[in-house]
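Architecture at a glance
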Amino acid sequence: MPASPKLSICIEMFWPNLPFEQRIPLVKQAGYNAFEFWGWSAKDLDTVRAAQLENGLAVAGIMCEPGFSLVRRSGAEEHVQGVIDSAQAARALDCSTLIVTTGNVVADESYEITRRRVLRKLRAMAAAAADHDVTLVLEPLNPRVDHAGYWLTTMAQAMDLIADVDSPNLKILYDIYHQQVTEGNIIAHLRQYAPWIGHIHVAGAPGRGELVGGDLDYRAIFKAIAEVGYTGYVGLEFRPTRGDEAALAEARSLL
């Protein structure tokens, strides 16, 4: 029988009224073994690392900085340096996954022109990721509710870039909430793209809240994640509306 998915708590979304480092022990108290967060450069990584070690936790992923910037009309140099710097931050936390976001549509150029530039950057970034032993995970986001104007929106678009780069150090971040808003077909896409998925995010839809009570059957989705042989982390990236601990206990009960 396939193993249950490994869950990680995105502590950007949980316990928002507490100082960042005080959220880390609560991950363990909630019965979880891993956490993740977004940007790293504005955080005290020494404090994060100390709390991580004290509580025996893994870091499932952090952002590759600069974020939301691949579409810029600039060369790949800043993004390659961003991979190098972000990889150094990640490795200090024993983390090997860097989340890559593209940014918004460039108004005065076609999708294909933007795509060529993004592809050139991703090729250079994937080579740097290989050199520094990290994996980049490229994230499509929904433009309808949360990220108006975002450039990369579908799994097919992400897969097209992954195929052209053709590197084991560049995969897809499958955010199930975002893709439900954008295009649906969640379990079918999971099965179709499983070999190229390097990280998963989950949230209820609509609303980006708890995993129970919306359009998505997460018990079936977690079962499908296990069946396709995905062994990476599944990040709980949602805003609880009925209490943090209750939402986390409910999420674990779906496994």
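A brief report on the enclosed structure follows. (Residues numbered from 1 in each chain as written. Predicted model: local features only at pLDDT ≥ 70, side-chain atom pairs only at ≥ 80, totals over all residues. Heavy atoms only, no water.)

Describing the pairing of strand E5 (residues 97-100)
Burial of the side chains of E5 extends over both faces: Thr97 and Ile99 are buried on one face and Leu98 and Val100 on the other. Of the pairings in the sheet, the one linking strand E4 (residues 62-63) to E5 comprises two bridges and is parallel in character. If you follow Met63 over to E5, its bridge partner there is Ile99. Handedness of the crossover joining E4 and E5 through helix H3 (residues 77-92) is recorded here as right-handed. Direction of pairing for E5 relative to strand E6 (residues 135-138): parallel, over a ladder of four bridges. Its bridge partner being in E6, Val100 is matched across the sheet by Leu138. Handedness of the β-α-β unit built from E5, helix H4 (residues 111-131) and E6 comes out right-handed. (Buried < 20%, exposed > 50% of the residue type's maximum accessible area, 1.4 Å probe, protein only. Helix = DSSP H or I, 4+ residues; strand = E, 2+ residues; numbered from the N terminus. Pairing = 2+ DSSP bridges. Right-handed = clockwise from strand over helix to strand, strands pointing away.)

Examining the pattern of salt bridges
Under the definition given, this model contains 14 salt bridges. The residue Arg115 makes a salt bridge to Asp160 at a minimum N-O spacing of 2.9 Å. Of the two residues, Arg115 is situated in helix H4 and Asp160 in helix H5 (residues 155-165); the sequence distance between them amounts to 45 residues. Taking relative accessible area as the criterion, Arg115 reaches 7% and is therefore assigned buried. For Glu237, the salt bridge identified is with Arg208, shortest N-O distance 3.1 Å. Highlighted residues: Glu237 in the loop between strand E9 (233-236) and helix H9 (244-253) and Arg208 in the loop between strand E8 (197-202) and helix H8 (218-227), separated in sequence by 29 residues. Exposure class is identical for Glu237 and Arg208. Each is buried. (Salt bridge = Lys/Arg side-chain N within 4 Å of Asp/Glu carboxyl O.)

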